[in-house]
Amino acid sequence: MAFGKSTRMDGRRTSSSYCSTTTIVVFVALCLVGVWMVTSTTVVPVEMSSPSTTKNSVTETGSQNSEDKSGDVTEDFIKEGDTNSSGNNIPDESNTETSVDQNLLENTEKLGGKTQEESLLKGNEENKDDTEDKTQAFNDANGDSEGEETVKEGGDAKTESGESEKGEKKDDENNSGENSEGTETDEEQQSGGKKSKQEEPSDGETRQDEKGEEQVGDKVEHIEDKEPGSKTKEVFPDGAQSELLNEVRTQNGAWSTQDAESKSEKEKQASSLGSQHVYSWQLCNVTAGPDYIPCLDNEKAIKKLHSTKHYEHRERHCPEEPPTCLVRLPDGYKRPIEWPNSRDKIWYYNVPHTKLAVVKGHQNWVKVSGEYLTFPGGGTQFKHGALHYIDFIQRSHSDIAWGKRSRVVLDVGCGVASFGGYLFDRDVLTMSFAPKDEHEAQVQFALERGIPAISAVMGTKRLPFPSGVFDIVHCARCRVPWHIEGGLLLLELNRLLRPGGYFVWSATPVYQKLPEDVEIWNAMSALTKSMCWKMVNKTNDKFNEVGLAIYRKPTDNKCYEKRTEENPPLCQESDDPNAAWSIPLQACIHKVPVDPAIRGSQWPEQWPLRLETTPYWINSSQVGVYGKPASEDFVADYEHWKRIISKSYVNGMGIDWSKVRNVMDMRSAYGGFAAALRDMKVWVMNVVSIDSPDTLPIIYERGLFGMYHDWCESFSTYPRTYDLLHADHLFTKLKKRCKLLPVFVEMDRILRPEGKLIIRDTVETTSEIENMAKSMQWEVRMTYSKDNEGLLCVQKTTWRPKEVEASM
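Residues numbered from 1 in each chain as written. Predicted model: local features only at pLDDT ≥ 70, side-chain atom pairs only at ≥ 80, totals over all residues. Heavy atoms only, no water.

Peer 1: So what exactly am I meant to see when it comes to the pairing of strand S19 (residues 751–762) here?
Peer 2: In summary, the side chains of a regular strand alternate between the two faces of the sheet. For S19, a buried count of 11 out of 12 residues is recorded, marking the element as mostly surrounded by other parts of the structure. Pairing of strand S18 (residues 722–728) with S19 involves 6 bridges; the strand directions are parallel. Opposite Asp-728, over in S19, you have Arg-760 as the bridge partner. Note that S19 and strand S21 (residues 789–795) share 7 bridges and pair antiparallel. Pairing of Asp-761 across the sheet is with Gly-790, part of S21. (Buried < 20%, exposed > 50% of the residue type's maximum accessible area, 1.4 Å probe, protein only. Helix = DSSP H or I, 4+ residues; strand = E, 2+ residues; numbered from the N terminus. Pairing = 2+ DSSP bridges.)

Peer 1: I tried to follow the sheet that holds S19 on my own but got confused; where do I start?
Peer 2: Two strands in a sheet stick together by hydrogen bonds in their backbones, pointing the same way (parallel) or opposite ways (antiparallel). In spatial order, the strands read S17-S16-S15-S18-S19-S21-S20; together these 7 strands make up an open sheet with mixed pairing. The open sheet terminates on both sides in strands that have one partner only, identified here as strand S17 (706–709) and strand S20 (779–786). With direction set aside, neighbouring strand axes in the sheet form an average angle of 15°. Across 4 bridges, strand S15 (residues 662–665) lies against strand S16 (residues 683–689) in parallel orientation. (Axes fitted to C-alpha atoms, helices over the stretch in contact; angles between N-to-C directions.)

Peer 1: How should I be thinking about the sheet that holds strand S6 (residues 367–369) in this particular structure?
Peer 2: Overall, antiparallel pairing links the 3 strands, which are arranged S5-S7-S6 in an open sheet. Each of the sheet's edge strands pairs with one partner strand only, and the pair in question is strand S5 (345–347) and S6. Each strand axis lies, on average, 30° off the axis of its neighbour in the sheet, ignoring direction. Of the strand pairs in this sheet, S6 and strand S7 (residues 372–374) are connected by 3 bridges, and their pairing is antiparallel. Counterpart to Val-368 in the pairing with S7 is Leu-373.

Peer 1: Would you take a moment to explain the packing of aromatic side chains for this structure?
Peer 2: Two aromatic rings are characterised by how far apart their centres lie and by the angle between their planes. Tallying each qualifying case throughout the model produces 24 aromatic pairs. Ring centres of Phe-503 and Trp-533 lie 5.5 Å apart, and the angle between their planes is 50°; on these two criteria the pair is classed as tilted. Taken together, the residues Phe-503 in strand S12 (residues 497–506) and Trp-533 in the loop between helix H16 (515–530) and strand S13 (534–541) connect sequence positions 30 residues apart. A single burial state applies to Phe-503 and to Trp-533, both of which are buried. Taken together, a centroid distance of 6.5 Å and an interplanar angle of 45° make the contact between Trp-641 and Tyr-649 tilted. By relative accessible area, which is 4% here, Trp-641 ends up buried. Members of the aromatic cluster, connected to one another through ring pairs, are Trp-482, Phe-503, Trp-533 and Tyr-551. Positioned over the ring face of Trp-521 is Lys-538, at 4.0 Å from the centre of the ring. The lysine or arginine in question, Arg-661, covers the ring of Phe-424, its NZ or CZ lying 4.6 Å from the ring centre. (Phe/Tyr/Trp six-rings, centres within 6.5 Å; stacked < 30°, edge-to-face > 60°. Lys NZ or Arg CZ within 6 Å of the ring centre and 35° of its normal.)

Peer 1: Mind showing me how you'd approach the nonpolar core here?
Peer 2: Taken as a class, soluble globular proteins show a tendency for nonpolar side chains to be buried jointly. One finds Trp-482, Phe-503 and Trp-505 to be the most contacted residues of the largest nonpolar core, which totals 120 residues. Beyond its immediate stretch of four places on either side in the chain, Trp-505 contacts Cys-475, Trp-482, Val-510, Ile-520, Trp-521, Met-524, Gly-547, Leu-548, Ala-549 and Tyr-551. Among the nonpolar cores identified, the runner-up in size contains 19 residues, and Phe-382, Ile-393, Tyr-422 and Leu-423 belong to it. (Core = buried A, V, L, I, M, F, W, Y, C linked by side-chain atoms within 4.5 Å. Contact = heavy atoms within 4.5 Å.)

Peer 1: Which parts of the structure should I look at to understand the confidence of the model for the protein chain?
Peer 2: Summarising the model, the protein chain shows a mean pLDDT of 78, and 68% of its residues fall at 70 or more. Scored below 50 in pLDDT, residues 41–251 makes 262 contacts in the model with residues more than four places away or belonging to other chains. (pLDDT = per-residue confidence, 0-100.)

Peer 1: Explanation requested: the pairing of S18 in the structure shown.
Peer 2: Within S18, 7 of the 7 residues are buried, leaving the element largely enclosed by the surrounding structure. One ladder, built from 3 bridges, connects S15 with S18; its direction is parallel. Residue pairing across strands places Val-663 opposite Leu-724, the latter belonging to S18.

Peer 1: Got a minute to help me understand the pattern of salt bridges in this structure?
Peer 2: When charged atoms on two side chains of opposite charge get close, those side chains can pair. Applying the stated rule across the entire model yields 26 salt bridges. Arg-335 serves as the salt-bridge partner of Glu-754, at 2.0 Å between the closest nitrogen and oxygen. Here the residue Glu-754 occupies a position in strand S19, and Arg-335 occupies one in the loop between helix H9 (299–303) and S5, the gap between them amounting to 419 residues. Judged by relative accessible area, Arg-335 falls into the partly exposed class, the value being 37%. Across the salt bridge formed by Asp-391 and Arg-426, the nearest N and O atoms sit 3.2 Å from each other. Of this pair, Asp-391 sits in helix H11 (residues 386–396) while Arg-426 sits in the loop between helix H12 (418–423) and strand S9 (429–434), and the two are 35 residues apart along the sequence. Taken together, the salt bridges that share partners define one network made up of Asp-471, Arg-498, Arg-610 and Glu-701. (Salt bridge = Lys/Arg side-chain N within 4 Å of Asp/Glu carboxyl O.)

Peer 1: I would appreciate a short explanation of the state of the cysteines in the present structure.
Peer 2: Covalently bonding the sulfur atom of one cysteine to the sulfur atom of another cysteine gives a disulfide. Taken as a whole, this structure holds 6 disulfides when the rule is applied. Residue Cys-295 pairs covalently with Cys-318 via a disulfide, S to S 2.0 Å. Handedness of the Cys-295-Cys-318 disulfide follows from its S-S torsion of about 110°: it is right-handed. A residue pair is termed long-range when its members are at least 10 positions apart, and Cys-295 in the loop between helix H8 (258–275) and H9 and Cys-318 in the loop between H9 and S5 qualify at 23 residues. Since its relative accessible area comes to 26%, Cys-318 is described here as partly exposed. Two residues share a disulfide in this structure: Cys-532 and Cys-559, whose sulfurs sit 2.1 Å from each other. Of note, the bridge from Cys-532 to Cys-559 carries an S-S torsion of about -85° and is left-handed in sense. Of this pair, Cys-532 sits in the loop between H16 and S13 while Cys-559 sits in helix H17 (residues 558–562), and the two are 27 residues apart along the sequence. Judged by its relative accessible area of 9%, Cys-532 falls in the buried class. (Disulfide = S-S within 2.5 Å.)

Below, the structure written as structure tokens:
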């Protein structure tokens, strides 16, 4: 009994104990479920403490992947820091773990509100506690949840205080609307299936539903190849870039796409290959050899001349077809000696001519000294040196005022140009010229010395200069018969001389009493009187045993009106004194401008003030060459070239300016390029093309010089005479009139080996020039292009072809 009672009692105890245990288990289970439900609403995964843990978990199953990605987004948002406009920044490491978790929750809820704000407009408000949807809201819409996310922001970026609850509500409402999509994503990930990547939203775009409302699509960047410990990429811009979060669609902005860039480059390369011309070069087969000047050495045209009485054979006779052959170098050619040493000596083999040394050596023109040709600085009228002669002129008439009132001089029959070479010491710029005649290579000597000069002759045509631009015209035994044929040649000087300017004549008729000299002097006296020139002084230089006469051109027309005999006559009103390109000479006098608003009625400002002074006869009612009022155009041009030269040409192209002396601006406008080079030890030949606006008088008014030219023809200079050629938008217009190839050959002719060519033109034109330069083995120093505008700097080399063209 006792046993049975005991058994019953144990059974009751066991039953009671079992119930108690069951109750406890159920209670604990309910507690665990409750705790799980409470803790899961924070959407903060346990693994969030380590970025590396988050990234390493990418390869897990869909549910775990969703949690990891939520952690990534939150972590990246922590990195944003200062993006919050309210100053509600993430606490630093000194804060407690509880504080960090609280902020993580708050920021995660705000993030959900920002990214889903557009979706809230639908009015969906259900399933607030669906935590799986909450994490799934950040999954890729296509189910491709691998890698690192870049969230495209479609909502508001505001994060002001008090917005946490609103963000949580929006987050829950939006998640309920995307529950089915999240479930589908999980199923696809678990089965290993993925949607086609063609359905992924492209970078910088967002998805739109059928109603046109924009949804958020996450751009997934694959990171399988990244190191496990690499840092997570930031999702949002920070700081000043936070305003970009308001944008739902990005644009290319200032950046082109790689597809567009690659396509464009392929097209350009294909076009370049298709348009490239294979050039075949030959040496010129001409009598003049290395001294060939096509328009002055045209033997075929010279033989057909009916007369040479007026030096027609020394004038320009250009070939019908411009040459495309290359001029050979003299044997033993070297880099020219640098200025100012070049004024005193040059390499003999660069200009290997000794005739002048034999004929004019006793007058100290030039001497042979070993491997050099030396220039003592003498001349026919100043065999003891040019500087003494220059100062003698100044003493003879103080109003000449070298380098102040008198800045631009024309030296006729210049010889080796020592007069102009030493006038640099008096801040005077001299245009020297002489014909290519029996005085072998005199102009070539001048240019090799670094002294401005051109090959020209006073024959039957006007010189290529505008009227009234030279302050002084000088002739020292220049061998020009001024007095014959009604003073035809002296009247050309009258055209070129500025009203109030001086003609300085130093020749034997001034100081010798031989019958021929007396006859010439009497004829000159009568002619100059009828031209209303006033002789201001006639004097002798005992040191050089020479004399000179100085004449002044009138500044008004009173003398012309008082003449009893109109011989020479006044030119017709229709005769334009500025027309100078291949115009026959006329034995007539042009009236002097007297209207204060017309050029020539006033003397320019003294040098150097005149360089920067807008000419008085330019006003705002005139339209300049760049479309602005002319006076503004003038200033803008100067400022433009000062900026370009100082920031680009001097320091940006690798040009050693100590080796640059002779410069040519092949298309000059106002002379701004030359003016900007004033402080450099260079001189600039400003060329105004015959089909460009006639701005050459403005250039002279500034105290600079230049000439007219047609670049479809050869320039009147020897080969290898310029260190730098500059062409600003010349060729695009020029190639409408003539072929570009002969023009480039001409540039090769006049540019010295190691000389530079700078071209500013369209990209098409600069590319064409670059191809030609490369075919001659020139070195490309710089190329640049922007908005179809190109800049090219190339350097000529000593390369010459071996093949010689067939004789004509």
